[in-house]
Amino acid sequence: MKTVAVTKIGSLRDPDEQARGRIGLVDFPEPPLGPEDVRIRVAYSAICGSDPHLAEGFFGTEVPIGLGHELSGVVEALGEKAHRNGLNVGDRVAGNFLRFCGTCTHCRGGQQQFCEHIQEYNRPGMAETVTWHESQVYKLPESLSLLKGCLLEPASVAVRIADKTNIKVGDRVAICGGGPIGQLALQVLKMSGATSLTLIEPIAERRKSALLRGADFVIDPISEDQYQCAEEITDGRGFDVVIDASGSTRAVRGLLDIAAKGATVVYGAMYPHDFEMPLNLSDYLYLKELTLTGVFVSPYAFPRALQILPYLEVDELTRMVFDLDDAEAAFAMHVSGEHAKVVIRCNHIDDGGQAA
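As the structure is a prediction and not an experimental result, all values here were calculated from the model. (Residues numbered from 1 in each chain as written. Predicted model: local features only at pLDDT ≥ 70, side-chain atom pairs only at ≥ 80, totals over all residues. Heavy atoms only, no water.)

Peer 1: What is the right way to look at the environment of Leu-255 in this model?
Peer 2: The topology assignment puts Leu-255 in the loop between strand E12 (239-244) and strand E13 (259-267). Each C-alpha atom of the pair Leu-255 and Gln-226 lies 9.1 Å from the other, and the pair is 29 residues apart in sequence. Ignoring anything within four residues of it in the chain, the contact list for Leu-255 reads Cys-176, Ile-200, Gln-226, Val-242, Ile-243 and Asp-244. (Helix = DSSP H or I, 4+ residues; strand = E, 2+ residues; numbered from the N terminus. Contact = heavy atoms within 4.5 Å.)

Okay, here's the thing in structure tokens:
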């Protein structure tokens, strides 16, 4: 089974070709179909911003490391007991790449994201097929194309970010980072009643996209004074909700200064494992009573993400598509930053003429 994998550990952006990480196609064995499993013929698998971190050894250095967790496809086979979700062969589906065991202390306590067995069922989906437990699989609405359906997982991250903000209608919201998660979170927060909705992003095209997708304001942190702009937008009050979707170690510290007293600050990206951010507890936690939180994965978010996905504008995230055999070129395009997102077509599947 052709699978996109990390074949050499190292930064995909390293200018030294000898030290640079490598992505390639590896022939992985197809997992057996268990009684509660669903085998999916993968249509599309999108590259996530976290994938280059896997190449850097963030979750281990034993190669090959299979990639792919943002995907859509068609049900090819069902285990003998995999019928409780009403799935049938031929259904168009997407899903959650994580299988939560449902039996450990955290799962039973309402904290699936900390499932003690979360790594025991790691099956990469940037491949010809993927075999998942039926609990991970969601049938796509007829109105939703397979191409757009592969964004169910990143949409679930945006929903999870919204959950962590505890947003109230009318809250002033700022989002740092105009990549896929930032753009999706912006739309979800707009649905949730955000006001003074502001995107902080150095790339002009992404700022323009944000304004088209519902942002009230944009800030270029390179050419503009971020703090002064925030003061003007919020009449000196600061933002009630501040979200980092950039993962930039240069950006995260300054977000505390634009947060209002009593605000919630969500760090919704992946950060270098050895990065430590200075934090003045007296200023930010005592005097301002900020709530600081993060996002790991997206428990309990997929059903709602599926509900809103048809309403999200994602054309800019699905324009650049490579075939599976061109995975190395696809990742090169991804790290170039020329496109907000890059998608890999794992199989050519007729989608009934549906538009993206």
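Having seen it, we continue.
Peer 1: I tried to follow the sheet that holds strand E11 (residues 217-219) on my own but got confused; where do I start?
Peer 2: Adjacent strands of a sheet pair through backbone hydrogen bonds, lying either parallel or antiparallel. Here six strands make up an open sheet; going across it, the order is E11-E10-E9-E12-E13-E14 and the pairing parallel. Strand pairing shows two members of the sheet lacking a second neighbour, E11 and strand E14 (291-294), which therefore form its edges. On average, each strand axis in the sheet is inclined to that of its neighbour by 20 degrees, with strand direction left out of account. As paired elements, strand E10 (residues 195-200) and E11 share three bridges and run parallel to each other. Directly across from Ile-200, in E11, lies its bridge partner Ile-219. (Pairing = 2+ DSSP bridges. Axes fitted to C-alpha atoms, helices over the stretch in contact; angles between N-to-C directions.)

Peer 1: Sorry if this is basic, but what is going on with the side chain of Asp-220 here?
Peer 2: With respect to the helices, strands and loops of the structure, Asp-220 is situated in the loop between E11 and helix H7 (226-233). Under the relative-accessibility criterion, Asp-220 is labelled buried at 11%. Here Ser-223 takes part through its side chain, which lies 2.9 Å from a polar atom of the side chain of Asp-220. Apart from the residues lying within four places of it in its own chain, the contact partners of Asp-220 are Glu-201, Pro-202 and Arg-207. (Buried < 20%, exposed > 50% of the residue type's maximum accessible area, 1.4 Å probe, protein only. Polar contact = N/O pair within 3.5 Å; in protein donor to acceptor, adjacent residues only side chain to side chain.)

Peer 1: It is not clear to me how the nonpolar core should be interpreted in this structure. Could you clarify?
Peer 2: Within soluble globular proteins, side chains that are nonpolar tend to cluster in buried spots. Of all hydrophobic cores here, the largest spans 47 residues; its most connected members are Val-173, Ile-175, Leu-189, Ile-243 and Leu-312. Ranked by residue count, the leading element in this core is helix H4 (residues 152-165), at seven residues. (Core = buried A, V, L, I, M, F, W, Y, C linked by side-chain atoms within 4.5 Å.)

Peer 1: I'm lost on the sheet that holds strand E1 (residues 2-8) in this one. Help?
Peer 2: Taken together, three strands build an open sheet; the order of strands is E2-E1-E4 and the sheet is antiparallel. The open sheet has two edge strands, strand E2 (22-27) and strand E4 (65-66), and neither has a second partner. Here E1 runs beside E4; their pairing, made up of two bridges, is antiparallel. Looking at E4, one finds that Ala-5 is bridged to Gly-66.

Peer 1: I tried to follow the packing of aromatic side chains on my own but got confused; where do I start?
Peer 2: We describe a pair of aromatic rings using the distance from one ring centre to the other and the angle between the two ring planes. Enumeration according to the criterion identifies three aromatic pairs in this entry. Ring centres 5.8 Å apart and planes at 15 degrees place the aromatic pair Tyr-138 and Phe-302 in the stacked group. One end of the pair, Tyr-138, is in strand E8 (residues 137-139); the other, Phe-302, is in helix H9 (residues 302-308), with 164 residues separating them in the sequence. Assessed through its relative accessible area of 3%, Phe-302 is described here as buried. Each ring, one from Tyr-267 and one from Tyr-271, has its centre 6.3 Å from the other, and the planes form 80 degrees; the classification is edge-to-face. As far as the burial class goes, Tyr-267 and Tyr-271 line up, both buried. Here Arg-99 stacks its cationic end above the ring of Tyr-121, 5.0 Å away from the centre of that ring. Directly above the ring of Tyr-121 sits Arg-123, whose terminal nitrogen or CZ lies 4.1 Å from the centroid. (Phe/Tyr/Trp six-rings, centres within 6.5 Å; stacked < 30°, edge-to-face > 60°. Lys NZ or Arg CZ within 6 Å of the ring centre and 35° of its normal.)

Remember that the coordinates give geometry; whether it matters functionally is a separate question.
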